[in-house]
Amino acid sequence: MSTRNQVRVANVMPFDKFWSWLQTHPNCILNAGTPEAVLYDAEDLHWHFGTEEGTLLVQVMRGKMLVGEILIDPQSITYVQSEKRGEEEYVFDCVAETDTEPMVTYYFTLSHDFDAQEAPQKKGRLLVH
């Protein structure tokens, strides 16, 4: 069977499960974005997560200086799907279902895939995966 005929199935999970897991893997994020903008990781940057009046914040910081941020409306996300995209790249698409078709509203690229068997970790700053 040729590669062209193989169907690739993405892993699908609820957004709240993904969000809890993502917060324990900030050092694994390569980039995060929306259809309009993307934030990239770099050696001297770190990722910070927060909440403000029901809106989730994904921030890239250099020391205490904000470099960029993405505001996420968790109520708009129906599910998250992940797919391997390179040697060590896994893209997590946050999908909102619309009247016409599903639409990726936010995405995160990490250096590894979600592991459902992984033991829950305490959220912290010095986690290494």
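Predicted, not measured: the structure shown is a model, and the values here were computed from it. (Residues numbered from 1 in each chain as written. Predicted model: local features only at pLDDT ≥ 70, side-chain atom pairs only at ≥ 80, totals over all residues. Heavy atoms only, no water.)

Caption draft 1: Structural detail: the overall build of the protein. Each helix and strand counted, the protein has 1 helix and 9 strands in total. Along the chain direction, N to C, the helices and strands of the protein fall in the order β-α-β-β-β-β-β-β-β-β. A burial count over the protein gives 39% of its 129 residues as buried. Considering only residue pairs separated by 6 or more positions, the protein has 43% of its internal contacts joining residues 24 or more positions apart. For the protein, the exposed area adds up to about 8,600 Å²; of that, 49% sits on carbon and sulfur atoms. (Helix = DSSP H or I, 4+ residues; strand = E, 2+ residues; numbered from the N terminus. Buried < 20%, exposed > 50% of the residue type's maximum accessible area, 1.4 Å probe, protein only. Contact = heavy atoms within 4.5 Å. Areas by Shrake-Rupley, 256 points an atom, 1.4 Å probe, with all protein chains shown as cover.)

Caption draft 2: Representation of the pairing of strand β6 (residues 65–72) in the model. Pairing between strand β5 (residues 55–62) and β6: 7 bridges, direction antiparallel. Each bridged residue has a counterpart across the sheet, and for Gln-59 the counterpart in β6 is Glu-69. In sequence, β5 turns back onto β6 through a hairpin of 2 residues, with Gly-63 there showing a positive phi of about 65 degrees. (Pairing = 2+ DSSP bridges.)

Caption draft 3: The sheet that holds strand β1 (residues 11–13), seen in detail. Pairing within the open sheet is antiparallel, and its 6 strands lie in the order β1-β7-β8-β9-β2-β3. The open sheet has two edge strands with one neighbour each: β1 and β3 (38–40). On average, each strand axis in the sheet is inclined to that of its neighbour by 25 degrees, with strand direction left out of account. (Axes fitted to C-alpha atoms, helices over the stretch in contact; angles between N-to-C directions.)

Caption draft 4: The nonpolar core, seen in detail. Within the largest apolar cluster, 27 residues are counted, with the highest numbers of intra-cluster contacts made by Phe-15, Phe-18, Leu-22, Ile-72, Phe-92 and Phe-108. For this core, the elements supplying multiple residues, two or more each, are α1 (15–22), β2 (29–33), β4 (46–52), β5, β6, β8 (89–97) and β9 (102–110). By residue number, the principal contributor to this core is α1, which donates 5 residues. (Core = buried A, V, L, I, M, F, W, Y, C linked by side-chain atoms within 4.5 Å.)

Caption draft 5: Focus on the sheet that holds β5. With antiparallel pairing, 3 strands are arranged side by side in an open sheet as β4-β5-β6. The sheet is open, and its two borders are formed by β4 and β6, each paired with just one other strand. When strand polarity is set aside, the average angle formed by the axes of neighbouring strands in this sheet is 25 degrees. Contacts between α1 and the sheet are confined to β4, β5 and β6, with β5 contributing the most and set at about 25 degrees to the helix.

Caption draft 6: Quick look at unusual backbone geometry. Unusually for a residue other than glycine, Glu-53 sits at a positive phi of about 50 degrees. Secondary-structure assignment places Glu-53 in the loop between β4 and β5. On the basis of relative accessibility, which here comes to 80%, the residue Glu-53 falls in the exposed class.

Caption draft 7: Here's a closer look at the environment of Trp-47. With respect to the element layout, Trp-47 can be found in strand β4. For the pair Trp-47 and Asn-31, spaced 16 residues apart in the sequence, the C-alpha separation amounts to 9.9 Å. Other than its neighbours up to four places away in sequence, Trp-47 contacts Pro-26, Ile-29, Asn-31, Ala-32, Leu-39, Tyr-40, Asp-41, Val-58, Gln-59 and Val-60. Polar contacts involving the side chain of Trp-47 include one to the side chain of Asp-41, which spans 3.1 Å. (Polar contact = N/O pair within 3.5 Å; in protein donor to acceptor, adjacent residues only side chain to side chain.)

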